[in-house]
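# Report on the structure
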Amino acid sequence: MKTRDLHKKTPRLLALLFLLLLADVQIAAAQDTTKTVVRQEKISEVEVLHKTESRETKELPFNVNVIETKQHFNSSQDLNKLLTRTTGIRIREDGGLGSDFRFSLNGFSGKSLKFFLDGIPMDNFGSALALNNFPATMAERVEVYKGVVPITLGADALGGAINVITRSNPNFLDVSYSLGSFNTHRAGLNGAYTNENTGLAVRFNSFYNYSDNNYKVHVQPIRGNQYLPEQEVERFHDSYASLGGQFEVGVRDKAFADQLFVGLLASTNDKDIQTGVVMEQVYGAMTRNSSSVIPTLKYKKDNLFVEGLDFNLYGAYNMSRNNMVDTVALVYNWLQETTPNTIGAERSRTQLINRDHEALLTANLSYALHQNHDLALNYVLTDFNRKSSDVEQPDNVAHKMPQRLQKQNIGFGIDSRFGALRTNVFAKYYALYAESFENISENNEPNYVEISTNQHNIGYGVAGTYFFLPRLQMKASYEHTYRLPEPTELLGDGLFTTRNETLRPEKSHNINLGALYAFTLNADHNFQAEVNGIYRDSEDYIRQEQARNRPTGRKFINVGDVKTTGIEGEVKYNWKHLIYSSVNVSYQNIIDKTEFIYSENLSGTIQDRNLNYGYKIPNIPYFFGNFDLGIRLQDFGGAGRIANIHYFMNFIEEYYLTPQQLGANNPDMIPQQIAHNIMADYSLANGKYNIAVECHNLTDSRLFDNFRLQKPGRSFTLKLRYFIHK
Amino acid sequence: MKTIKQYVHVALALGFTLAAGSCTKDDNGPNDNDGPIIEGNSTYVLGVGITDAENNSTNYIVHTKDLLSGKISLLNNGILQEGYREYTNIGNYFYAIGGLGLTGVDAYYINDQSRLTAKKGLVFDHGADDYLHVDGGKTLLGVTVDRDAASGYEGNVEFFTVDVNGYTITKKTTVPVQDVYKAENGDHGWSHSGMVIRGNQAFQTVFPISSTWATPNVNTNYVAVYSYPDFQLQKVITDTRTGPSGAPLTRSGIFVTESGNIYTLFHAGYGFDHQQSLKDPAILRINAGEDEFDEDYYFKTVGIPNGGKIIKATYVGNNKLLAQIYTKETTSQWDQTDLRYAIVDLVKKEITAVQNSPIYTYSEEAFVDGDKAYLPAKVGTSLNIYEVDIPTATATKGVEIEATYVKGIGKLTK
């Protein structure tokens, strides 16, 4: 019901958007035609500049995907939806808008991947400041580093890093609103204003999302301890609302700073929870919400003190609150009938609140040693504290003792150019300090004391790229990388899990090998092709030791080796800027190389043979691809107008929830899925006014990202967008 | 020349795509849901599980005519069970209870086409702590103790019965948990550790334990006595000669003989947090026709030949238990290593070592078939079923199971 409260704020927000829009229309109307011409030229410059930045990133020796969001600004899709259309990435969602998702890059997910917003680590920013809430219009591009991560993004990322780069245009306004099936509303307000005389600048990005997610699903409701026949029902407790934004004010091009901005990121969301891990597990009252307030500081100065010494610094202080509420003692079924639940809740009675405080600091120093050689030094500090409370369990000792994790990363690298060869050699130093608590009691009276520990590790890597031809680029990169342990993993939780200070970080040897080739046939047929091979040898995964019927006294141990080989390919084509198309496929062979699973107790080590040894890790998509085809009609219906029709298809091969080779005809399968989507948009006045219609899941296929959790059927969206810039 | 160059370009591009796209293999999806054909009149069925490196457990049902030789592999064999399962063989059914997120009940049987197949569609409100066979195998009785620390250890003991042939829940009864046992300072609740039905009464052993699995009250043996079949709490009897009987998860707290004598088993091993001194492991008796402890019966299981801490036991008839017993004296709370088989004579107060018993890890439920019992033993990384001949107290190593654990054994006939 809180979700609806947030949704009630929509009219206010829309009024604000409208006012801004009105103000800007008036400004625009006051401008004369000569200015428009000047502006037109600037647009072209900006476009060229953008392409260069993106291409520059692409030309780095790293295995990086750059998702240009600009071409998707008219789409109502969020960043997750755009990212899942590129190679190596699968984003699996539990349901509709705002549902839980699992981001997977080359089979890595969870803590193996690190997310950044303009270079600031955003892993603990709360669930409203996540990629499934960000509209495409908020970002200029998204960079996905696979396996080998440049030192500027200092992090203990085992499998890669994703950096969202917000729009840098100094003067623009982008307002959008979309309305879609299942009572889905999405709004975006992004803009920047720079006073060229004073250098004073403001920037803002904001979003609002709401959906009832009341799409229809096919289920067998349970009544009186028996399944009823399969029927179509509407989801009834799945609404989601999120509101968030970023506001920055500062100066550009001053003697003391090229850029100095202070800002605030703030967000809130509310989510109703409809199902558990399978459709049969129905909830009707459980909710979850989060809010975050994050002040930020950005400073950038080139040629600091001496020529060629560039410095930039990001600072942020993250204050997030995550709350889960389960207090209704009822069992719901899909027909919204209820029966009393003896356990005082739907799943487990809780009103848990996690309060996270996190200080973040990133500093980059680079020095042009020579025309072709740059030195770079990077320092990242993250200091994370969590305090939990639950009015349902006021005496829970785990909530009384705080947990702290401080990480410091220092990176050092040299970027060099030798003719057509470019290399990057780097080393990373990781330091970790963790605090938790432990029960040292020898009798029945608990006696908790604070404990802490330190760890240090060094990672390193090398990346190179060589241009055989101006448009044929080869890339190779390698990194020995780590994922550092969390406080609970190292020090236990004081209750069920015991400390293990001998725990090592997860580590991986990551190798990428790739080629990019662009060519033109008959002047009009432009092709770009890219293929990348990946190899990951990951060891020492941190997992809880296992033992049958042993509820306490277990610890986290290093168990589990995984070898991944994969290949990804993409071909892009365009003809006379009229027809554009792309096809990509990703295949990843993720093999369990853990031969024995073990646990330790007083009597020694208990070993179990891992029956999945040598086989695929289950429950990870291993073969998927995308196909896009678009037609762009320039000056359709008049000068300065553009019409686009865009079809895209997404394919995922079937995969298994449980080890495929075990059991006869394993039925725990997530079936092969093909989703067809179509979108048409029309821009007037050189992109100032935009209208778009979209249809997702055109054929109304039954889609599942996770085992049996049904995703929305066919849906429609209408989006209106207003955009000006100079 | 230009044309050749173009072909090279196209070939290169196609090559990239093909290189990426050609790495897939065709897989056969599931197509046969009819179940395996059972030859002969009967078969043994086993509920087995595997645990992978990520701590996910998956359960399968396999079948064999012969528990004494060979090897059972799960490689493309076995009926996959959704989620984690408990198994119990009742009547001519092998119940697989559990699932993903909810408690489904799949009742496996051999159908008239000789296929091992299941009735499906029944769902329990939640999994039970124990499943008992009553009314000569016509009724399955589920017992659950709700031990919720969040609500101050309030909640209910729930009893529900299932008509095995009708495949329906027939009755649910609840008793407030604090009517049975309530800690003075409210710092713990209790767990179910065993139950037997005798005539018109049900006897349940009570195991005091907190939400963090601490066991602050280990000096009294509590048995709750209910009327049967309507489960009205009659009284709770206590005895301070031993601590609480059985243990959570492994149960084995209480047994009833053919003559109606009831025995409780305090073992001071698995499940006790060992933070205070524990009384001697011992068995107590409630005589037939009575519902109080027999003050004259006391059977200490240590300090006698072949004695030790019996952390799990199965009643095998004729006043005998097939016991799973530590070979060591010092143990810790969840220790299930260094176990051996023994036969316990409850009347003679004697323990007989089982010949050829393995020294193994993990105590699991034994399946009794006439005067033989079958139970799994994990030795090193190998898992085998052992047959124990009760009259001669001799074990024989049987079929090897390529799985992490065996959760239940049963026998189905056509």
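Conventions we followed
- Residues numbered from 1 in each chain as written.
- Chains lettered and ligands numbered in written order.
- Predicted model: local features only at pLDDT ≥ 70, side-chain atom pairs only at ≥ 80, totals over all residues.
- Helix = DSSP H or I, 4+ residues; strand = E, 2+ residues; numbered from the N terminus.
- Buried ≥ 20, exposed ≤ 12 C-beta atoms within 10 Å, placed from the backbone.
- Contact = placed C-beta atoms within 7 Å.
- Rg over C-alpha atoms; globule rule 2.2 N^0.38 Å.
- Nonpolar A, V, L, I, M, F, W, Y, C, P; charged D, E, K, R; others polar.
- Pairing = 2+ DSSP bridges.
- pLDDT = per-residue confidence, 0-100.
- Axes fitted to C-alpha atoms, helices over the stretch in contact; angles between N-to-C directions.
- Core = buried A, V, L, I, M, F, W, Y, C linked by C-beta atoms within 7 Å.

Let us look at the overall build of chain B. A count of helices and strands for chain B gives two helices and 29 strands. In terms of overall dimensions, chain B has C-alpha extents of about 105 × 50 × 45 Å along its principal axes. Buried residues in chain B amount to 50% of all 414 residues. Partitioning the intrachain contacts of chain B with sequence separation of at least 6 by distance along the chain shows that 50% fall at a separation of at least 24.

Before going further, it helps to examine the overall build of chain A. Along the backbone of chain A there are six helices and 45 strands. Taken over the C-alpha trace, chain A has a radius of gyration of 26 Å; the compact-globule value for 726 residues is 27 Å, and the two agree within 12%. For chain A, the spread of C-alpha atoms along the three principal axes comes to 85 × 60 × 50 Å. Out of the 726 residues in chain A, the part that is buried amounts to 43%. Taking contacts inside chain A between residues at least 6 apart in sequence as the whole, the part at least 24 apart equals 65%.

So, on to the interface of chain B and chain A. Between chain B and chain A, the residue contacts involve 69 residues of the former and 70 residues of the latter. Counting only elements with at least two residues in the side of chain B that touches chain A, the list comes to α1 (2-21), β1 (42-51), β2 (57-64), β4 (79-81), β8 (116-124), β11 (156-163) and β12 (168-176) of chain B. Tallying contributions element by element places α1 of chain B first for the side of chain B that touches chain A, with nine residues. For the side of chain B that touches chain A, the per-class residue count stands at 29 nonpolar, 30 polar and 10 charged.

All right, on to the sheet that holds strand β19 (residues 282-286) of chain B then. A sheet is described by the order of its strands in space; here four strands give the open sequence β17-β18-β19-β20 (chain B), paired in antiparallel fashion. The open sheet has two edge strands, β17 (254-256) and β20 (299-300) of chain B, and neither has a second partner.

The omega angle of the peptide bond from Tyr228 of chain B to Pro229 of chain B is 10°, so this bond is cis rather than trans. Along the chain, the position of Pro229 of chain B falls in the loop between β15 (221-227) and β16 (233-239). Residues other than glycine seldom take positive phi values, yet Asn697 of chain A does so here, at roughly 50°. Structurally, Asn697 of chain A is set in the loop between β42 (689-696) and β43 (704-706).

As a further point, take the confidence of the model for chain B. Residue and element names in this part refer to chain B. Taken residue by residue, chain B gives an average pLDDT of 90. The fraction at 70 or more is 92%. Within the model, pLDDT remains below 50 along residues 11-32, and this stretch shows 36 contacts once partners closer than five positions in the same chain are excluded. The ipTM, which scores confidence in the relative placement of chains, is 0.86 for this predicted complex, and the corresponding pTM is 0.88.

Residues and elements named next belong to chain B. Mapped onto the elements of the fold, Asn55 is located in the loop between β1 and β2. Taking the C-beta count within 10 Å as the criterion, Asn55 has 14 such neighbours and is therefore assigned partly exposed. A C-alpha to C-alpha distance of 31 Å links Asn55 and Leu412, two positions 357 residues apart in sequence.

Residues and elements named next belong to chain A. As for its placement among the helices and strands, Arg85 is situated in the loop between α4 (79-83) and β2 (89-93). Here Arg85 falls in the buried class, since 21 other C-beta atoms lie within 10 Å of it. Along the backbone, Arg85 and Val583 are 498 residues apart, and their C-alpha atoms lie at a distance of 9.8 Å. Setting aside its immediate chain neighbours within four residues, Arg85 contacts Asn626, Phe648 and Asn650.

All names here are of chain B. Overall, antiparallel pairing links the four strands, which are arranged β21-β22-β23-β24 in an open sheet. The open sheet has two free edges, formed respectively by β21 (310-317) and β24 (350-353), since each of these has just one partner strand. Neighbour-to-neighbour, the strand axes of this sheet turn through a mean angle of 30°, independent of strand direction. With four bridges connecting them, strand β23 (residues 339-345) and β24 associate as antiparallel partners. Counterpart to Val344 in the pairing with β24 is Ile351.

The biggest cluster of nonpolar side chains holds 116 residues, and the ones touching the most others in it are Tyr95, Tyr108, Leu321, Leu322, Val344 and Val406 of chain B. With 79 residues, the next largest nonpolar core counts Ile89, Ala434, Leu484 and Ile724 of chain A among its residues.

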